Amino acid sequence: MGGVGRAEAAPARRIAKRIGETAISPDAIARGILHALEQPSDAEVGSIVIRPTAQG
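Keep in mind the model is a prediction, meaning the values are calculated, not measured.

Novice: Report on the overall build of the chain, specifying residues and quantitative values.
Specialist: When its secondary structure is counted, the chain shows two helices and zero strands. Taking all 56 residues of the chain together, 5% fall into the buried category. Accessible surface, the chain as shown: approximately 5100 Å² in total, 57% of it carbon and sulfur.

Written as structure tokens, this is what we have:
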């Protein structure tokens with residue numbers, strides 16, 4: 001009762017593996033935000049979208 005069966009565990013493992021392959025490091029996120037913050041005062045950054053370059 002209440003456990004995850006073998007059939008449900010396999011897709012979860014594949015998803016976890018894929019997330020690990022495409023995850024962005026905290027350092028990369030920080031560099032992206034810093035880039036936006038370093039723009040000149042006469043430039044408005046309306047939004048920031050940071051995503052991995054390896055999207056499958």
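Novice: Pulling in residues and values, what's your account of the environment of S25?
Specialist: Along the chain, the position of S25 falls in the loop between helix 1 (6-22) and helix 2 (26-37). Here the alpha-carbon distance between S25 and P52, two residues 27 residues apart in the chain, equals 9.4 Å.

Novice: Report on the pattern of salt bridges, specifying residues and quantitative values.
Specialist: Under the counting rule described, the total for this entry stands at one salt bridge. Its salt-bridge partner being D27, residue R31 comes within 2.4 Å of it at the nearest N-O pair. Of this pair, R31 and D27 both sit in helix 2, four residues apart, which is roughly one turn of that helix. The exposure class of D27 is partly exposed, given its relative accessible area of 48%.

Novice: Before we move on, can you summarise a nonpolar patch on the surface with the specific residues and values?
Specialist: Taken together, the side chains of I29, I33, L34, L37, V45, I48 and I50 present a nonpolar region at the surface, about 570 Å² in accessible area. Tracing the chain through its elements places L37 in helix 2. Its relative accessible area of 66% is what places L37 among the exposed residues.

What counts, and at which threshold
- Residues numbered from 1 in each chain as written.
- Predicted model: local features only at pLDDT ≥ 70, side-chain atom pairs only at ≥ 80, totals over all residues.
- Heavy atoms only, no water.
- Helix = DSSP H or I, 4+ residues; strand = E, 2+ residues; numbered from the N terminus.
- Buried < 20%, exposed > 50% of the residue type's maximum accessible area, 1.4 Å probe, protein only.
- Areas by Shrake-Rupley, 256 points an atom, 1.4 Å probe, with all protein chains shown as cover.
- Salt bridge = Lys/Arg side-chain N within 4 Å of Asp/Glu carboxyl O.
- Patch = residues over 30% accessible without salt bridge, like charges linked within 9 Å, V, L, I, M, F, W, Y side chains within 5 Å.

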